[in-house]
Amino acid sequence: MTVLGCIADDFTGATDLAGLLARSGAAVNLRIGIPDSPPSETADFEVIALKCRTEPVAEAVAETKAALAWLQQTGAERFFWKYCSTFDSTSQGNIGPVAEALMAELGAAQTIYCPAFPENGRSIFMGNLFVGEQPLAESPMKDHPLTPMRDSNLMRLLEPQVTRPVGLANRLVVDRGVEALQTHFANLHKDGVAHVVVDAVSDADLTTIAEACAGMSLITGGSAVAMPLPAIYREMGLLGAGAADARHIAPQGGTLVLSGSCSAMTRAQVAAYLEVAEGFRLDPLELAEEGVDAAKNWLLSKPAAAPKIIYATADPKSVGAAQNKLGVARAGKLVEDALAELATLARDNGTRRFVVAGGETSGAVTKSLNVDKLSIGREIAPGVPWTYTNSGGYDIALTLKSGNFGSESFFADALEMLT
Ligand code: ADP
């Protein structure tokens, strides 16, 4: 039976959360969107990845309520609403309205808001969110194209998004431990406070908070406050001692790296992998004129088992040149469509282990492989686990790495881990 049902407001946020939960050895499934059919083969932790961060409020609320309804069918009685550690939202929402809607469905009188992720430099003190040493509103998040964060105070950010009172459990209370924090929540509840922002500056704070909230039907926050939950649930007797590694057997077959990310780290990773693997470079200008046949022929000419990489990864100058000629959207789409088509071709010809680099690229590849459920395996690098799934009737292993994640030897390390 599922112990915790999680809803994430974007895809990489969902993989981040799923990866952190799987560190405990518990079984974790990631569902891409709300499944069409009722739950089957469920895991201890079920994570549904939505794409509702900047949707109109009514749509985000309707989608998350549908996700909740599906998760309730797994038997879960506790739920987690995951958003970004920089509280990405507008004054309309969607963090607050979704939380209030989920609370109403669950009959929850109170929930917490804790986006802190100390390992990644996100901390909260006196209700103010910091990115490294900068207040949120002075960090690069102030210029985000969709959700510019112009205030660092989480209570002020949350108040216009909700209908009921907002309060704070500050660092001094958290520092006094689980019982003091629970008493503080109860006192706030007496004062009518439904939404409690909770300070956290360290992993120890997050453990205190997770323990204090383990009985709540709804917790909201970044991925880090969920990390202590598996161990806590084990102590509570809700969860058996699992071992994620033992559950997964890497499918035998060929390997392929597909890279559509152009981030600095991915460029270094592609260069490093080209030292040990054969490569084919996709050029958006060539794709526009000649299509994807050259890449397909190259792929089919190589033995499935040979280490190989197909990449569009390029430096900012050549990316800019392609975008000038084709437009940003068309250049990106040509590359994504090509990599998506090559992924299915590779699968049909015996590739069973895929490494994919790039957030948007991962979306395009999982869509073309028709994958809707990923079982989370071992972490290759922080936030990037191996995942196991079925595509077109074949068992495959898939890892989806966004932009700057992983070290230079990530591609070789990832594949090495499966041998
Ligand atoms: P990241 O996780 O690094 O942001 P994404 O896959 O999300 O990577 O985004 C990279 C985008 O750049 C994709 O839309 C991809 O198709 C596009 N792209 C990749 N290579 C090139 C290139 N050589 N020229 C133009 N656009 C490219």
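Computed from a predicted structure; not experimentally measured.

Visitor: In this structure, what is going on with the layout of surface pockets? I would like to understand it.
Guide: In this approach a probe as big as a water molecule rolls over the atoms, and the regions it shows empty are the leftover space. Empty space within the largest pocket amounts to approximately 1,600 Å³. Counting residues per element, the ones that place at least two in the lining of the largest pocket are α1 (11-22), α15 (359-368) and β18 (394-401). No other element matches the seven residues that α15 contributes to the lining of the largest pocket. For the lining of the largest pocket, the class distribution of residues is 15 nonpolar, 19 polar and 16 charged. Each of domain 1 (4-235) and domain 2 (254-417) contributes no fewer than three residues to the lining of the largest pocket. Here the second largest pocket is characterised by a volume of approximately 490 Å³. Every residue lining the second largest pocket is counted, 24 residues in all, and those nearest its centre are Glu41, Lys373, Tyr388, Thr389 and Asn390. Counting residues per element, the ones that place at least two in the lining of the second largest pocket are β2 (28-32), β16 (373-381), β17 (384-391) and β18.

Visitor: Any chance you could explain the sheet that holds strand β7 (residues 128-131) here in plain terms?
Guide: The strands that make up a sheet are held in pairs by hydrogen bonds between backbone atoms, and each pair lies either parallel or antiparallel. Strand order in the open sheet formed by three strands is β6-β7-β8, with antiparallel pairing between adjacent strands. Whereas interior strands pair on both sides, the edge strands pair on one side only; in this sheet they are β6 (122-125) and β8 (134-135). Pairing of β6 with β7, which is carried by four bridges, proceeds in the antiparallel orientation. Its bridge partner being in β7, isoleucine 124 is matched across the sheet by leucine 129.

Visitor: Quick question: what am I supposed to make of the packing of helix α14 (residues 328-348) against α15 here?
Guide: Contact geometry of α14 with α15 gives a least axis separation of 8 Å together with a crossing angle of 40°. In terms of axis orientation, α14 runs oblique to α15. When you trace α14 past α15, the crossing you get is right-handed. Contacts between α14 and α15 involve Glu336, Leu339, Ala340, Glu341, Ala343 and Thr344 from the former and Glu360, Thr361, Ala364, Val365 and Ser368 from the latter. In the contact of α14 with α15, the residues fall into five nonpolar, three polar and three charged.

Visitor: I tried to follow the domain arrangement of the protein on my own but got confused; where do I start?
Guide: Interface extent is often summarised as the accessible area lost during association of the parts. Domain boundaries in the protein define domain 1 (4-235) and domain 2 (254-417). Listed per partner, the contact involves 13 residues of domain 1 and 14 residues of domain 2. Broken down residue by residue, the surface that domain 1 buries against domain 2 is led by Phe11, Leu30 and Ile32, which jointly contribute 34%. Linking domain 1 with domain 2 are two salt bridges. Viewed at the interface, domain 2 and domain 1 are joined by five residue pairs in polar contact (both at pLDDT 80 or more). Every element with two or more residues in the side of domain 1 that touches domain 2 is listed here: α1 and β2. Tallying contributions element by element places α1 first for the side of domain 1 that touches domain 2, with six residues. Counted by class, the side of domain 1 that touches domain 2 contains seven nonpolar, three polar and three charged residues.

The rules behind each value
Residues numbered from 1 in each chain as written. Predicted model: local features only at pLDDT ≥ 70, side-chain atom pairs only at ≥ 80, totals over all residues. Heavy atoms only, no water. 1 Å grid on protein atoms, 1.4 Å probe; cavity = no way out; pocket = protein on both sides within 12 Å on 5 of 7 lines; lining within 4 Å. Points joined across faces, edges and corners; volume = space filled by probe spheres on them. Helix = DSSP H or I, 4+ residues; strand = E, 2+ residues; numbered from the N terminus. Nonpolar A, V, L, I, M, F, W, Y, C, P; charged D, E, K, R; others polar. Domains from an automatic or database assignment. Pairing = 2+ DSSP bridges. Axes fitted to C-alpha atoms, helices over the stretch in contact; angles between N-to-C directions. Parallel < 35°, antiparallel > 145°, perpendicular 65-115°, else oblique. Left-handed = near helix turned anticlockwise from the far one by under 90°. Contact = heavy atoms within 4.5 Å. Buried area = accessible area lost by both parts, 1.4 Å probe. Salt bridge = Lys/Arg side-chain N within 4 Å of Asp/Glu carboxyl O. Polar contact = N/O pair within 3.5 Å; in protein donor to acceptor, adjacent residues only side chain to side chain.

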